[in-house]
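Coordinate analysis (summary)
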Amino acid sequence: DAHHKTTSAEAAGASDMTDGEVRKIDLEAGRITLRHADIKSLDMPAMTMVFVVKDKAMIDKLKIGDKVKFRAVSETGKYTVVDIQTVN
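Quick caveat: nothing in here was measured; it's all calculated off a predicted structure. (Residues numbered from 1 in each chain as written. Predicted model: local features only at pLDDT ≥ 70, side-chain atom pairs only at ≥ 80, totals over all residues. Heavy atoms only, no water.)

1. Description of the pattern of salt bridges
A full pass over the atoms with the stated rule returns six salt bridges. We note a salt bridge from Glu21 to Arg23, for which the minimum N-O separation is 3.0 Å. Accessibility expressed as a relative area gives 41% for Arg23, which makes it partly exposed. Two residues, Asp60 and Lys61, come together in a salt bridge whose shortest N-O distance is 3.4 Å. Counted as one network, the salt bridges with shared partners bring together Glu21, Arg23, Arg35 and Lys67. (Salt bridge = Lys/Arg side-chain N within 4 Å of Asp/Glu carboxyl O. Buried < 20%, exposed > 50% of the residue type's maximum accessible area, 1.4 Å probe, protein only.)

2. A closer look at the sheet that holds strand S3 (residues 47–53)
Adjacent strands of a sheet pair through backbone hydrogen bonds, lying either parallel or antiparallel. Reading around the barrel, the five strands line up as S1-S2-S3-S5-S4 and close back on themselves, with mixed pairing between neighbours. Between one strand axis and the next, the sheet turns by 55 degrees as a mean value, whatever way the strands run. The pairing of S3 with strand S5 (residues 78–86) spans two bridges and is classified as parallel. Bridge assignment links Val52 to a residue of S5, and that residue is Thr80. (Pairing = 2+ DSSP bridges. Helix = DSSP H or I, 4+ residues; strand = E, 2+ residues; numbered from the N terminus. Axes fitted to C-alpha atoms, helices over the stretch in contact; angles between N-to-C directions.)

3. Topic: the nonpolar core
Residues Ile32, Leu34, Phe51, Phe70, Val81 and Ile84 are the most contacted members of the largest nonpolar core, which totals 16 residues. Elements with a minimum of two residues in this core: strand S2 (31–36), S3, strand S4 (67–75) and S5. If near-sequence neighbours (up to four positions away) are discounted, Ile32 is found in contact with Val22, Lys24, Ile25, Met49, Val50, Phe51, Val53, Ile59, Leu62, Val81 and Ile84. (Core = buried A, V, L, I, M, F, W, Y, C linked by side-chain atoms within 4.5 Å. Contact = heavy atoms within 4.5 Å.)

4. Side note on the side chain of His36
Position of His36 among the secondary structure elements: in strand S2. The exposure class of His36 is buried, given its relative accessible area of 4%. With residues near it in sequence (within four places) discarded, His36 still touches Thr18, Asp19, Gly20, Met44, Pro45, Ala46, Met47, Met49, Phe51 and Phe70.

It is worth stressing that arrangement in space is one thing and function is another; only the former is reported here.
What follows is the structure, given as structure tokens:
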């Protein structure tokens, strides 16, 4: 169907994971501070910033200093991590 539009997040899929490092975790607020590489899907340069997480369980097992790959989307003006996994 030529009329079906996929969002950039859907089109990018798993290849759109960004490298990052956990700097701070606020489990109660459901926030994580990540030092990250360029996030191409959001047209964002590398920096350290706070993200909201879609599900607090995603950050439950993380610790400061963990190297991660994550995917973030912009939802209602907030940058939200929708997928995150540690890398060894």
